[in-house]
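Chain by chain, the residues:
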Amino acid sequence: MASMCQCVSPKPSEWVKGKLVGSGSFGTVHLAMNKSTGGLFVVKSAHSVAGHGALKKEVEILKSLNSSPYIVHCLGTEEDEGNLNVFMEYMAGGNLADVAHKFGGSLDEDVVRVYTREILLGLKHLHQHGIVHCDLKCKNVLLGSFGNIKLADFGCAKRVKELRGGGNVANSWKSIGGTPLWMAPEVLRSGMLEFAADIWSLGCTVIEMATGRPPWANEVSNPMSAVLRIAHGDDIPQFPTHFSPEGLDFLARCLDREPNKRCTVEELLSHPFVSSTTSPKECASSPASVLEFQNFEDTYDLDELEYSEGNDFSFINSFTYHNDPEGTSICQLEDSASESSGNWITVRSG
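Looking at an unreviewed UniProt entry, one finds the chain named Mitogen-activated protein kinase kinase kinase 3-like and attributed to Abrus precatorius. Quoted verbatim from the Sequence similarities (unreviewed entry) heading of the UniProt record, the comment on the chain is "Belongs to the protein kinase superfamily."

Below you can see the structure in the form of structure tokens.
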């Protein structure tokens, strides 16, 4: 069924910027309205050279994926006095981290099954186009008002063929980004990037949905020990103790430390944990009215705009810390490693 309100890219004079709903080191995100239709959308703006380049890369990825109902849509771009504005569709429910928080801190397993299937369908589309998301976590998965799920934030996404064809595999880690607690061991260890890395992150995201906490939350004491344990240890993050046997088996197939032993997206879509669920029959790319979502400022947490440009993000036998141009450690915890996913800064590299 068609969505209730079809969003289109507005002309420069036909949209108005609303309140600030998030900001990061290199840009801002505002709620916006199309004056011709009254429809809502989100505008991401970059105000620096580094932010401009990062946003252009994300737009390039998104425009190649706009045909999927499981990927957030880029509605268009606009240059405004040297600044880049990117129009994105508005998802009324916000990200899954906020959704879990608003519904008691974690999600019921039946809901996790439905959301996981939709995430898999989004990953299937990505992988079919040769793209690895690289930063899958609840904050980068958005919820529509009809229960439809869409993957978002492609600032770390990479095309596998570009990494393979670069002719310098040993240095390919310099272009890898992500959020460490959700990153696969082989990525943290050596920068090896294949589709299997997204499968590991999917398992971590399922744990996050089911527990309301990041993977490894009860098992690490500081960022360095966490990264070393994930990269060079032998264990995997703790599974939810209340999960069904099907759920536990699904996680085991995602979180194998050997990437070639993890299931593919297609195999996971046939797993009993998700195969018995059905996707929402109706999707809304925009809410029917502003009243459908009153606390918009809680929706778009801008760790998606944390960007580390040109950093020497080294993974040579161990994890090395370096500072971004503003002096912030790329894996610094603002509070505690176990408090929330937002305390882990997404590492981005050009």
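Q: Looking at this model, I keep getting lost on the sheet that holds strand β6 (residues 94-95). Mind explaining?
A: Strand pairs in the sheet, formed through backbone hydrogen bonds, run parallel or antiparallel to each other. As summarised here, the arrangement of the three strands in space is β6-β8-β9, forming an open sheet in which the pairing is antiparallel. The open sheet terminates on both sides in strands that have one partner only, identified here as β6 and β9 (149-151). Where strand β8 (residues 141-143) lies against β9, three bridges are found, and the strand directions are antiparallel. Among the inter-strand pairings, Val-141 is bridged to a residue of β9, identified as Leu-151. Running at roughly 40 degrees to β9, helix α3 (residues 109-128) makes contact with β8 and β9 of the sheet.

Q: What's the story with the packing of α3 against helix α6 (residues 196-211) in this structure? I'm lost.
A: At a closest axis distance of 11 Å, the pairing of α3 and α6 adopts a crossing angle of 160 degrees. By the angle between their axes, α3 is roughly antiparallel relative to α6. Taken as a pair, α3 and α6 cross one another with a handedness that is right-handed. Contacts from Val-112, Tyr-115, Thr-116, Ile-119, Leu-120, Leu-123 and His-127 of α3 reach α6 at Asp-198, Leu-202, Thr-205, Val-206, Met-209 and Ala-210. Taken together, the residues that form the contact of α3 with α6 break down as nine nonpolar, three polar and one charged.

Basis of the calculations
- Residues numbered from 1 in each chain as written.
- Predicted model: local features only at pLDDT ≥ 70, side-chain atom pairs only at ≥ 80, totals over all residues.
- Heavy atoms only, no water.
- UniProt positions renumbered as here; feature names shortened; annotations may be inferred.
- Pairing = 2+ DSSP bridges.
- Helix = DSSP H or I, 4+ residues; strand = E, 2+ residues; numbered from the N terminus.
- Contact = heavy atoms within 4.5 Å.
- Axes fitted to C-alpha atoms, helices over the stretch in contact; angles between N-to-C directions.
- Parallel < 35°, antiparallel > 145°, perpendicular 65-115°, else oblique.
- Left-handed = near helix turned anticlockwise from the far one by under 90°.
- Nonpolar A, V, L, I, M, F, W, Y, C, P; charged D, E, K, R; others polar.

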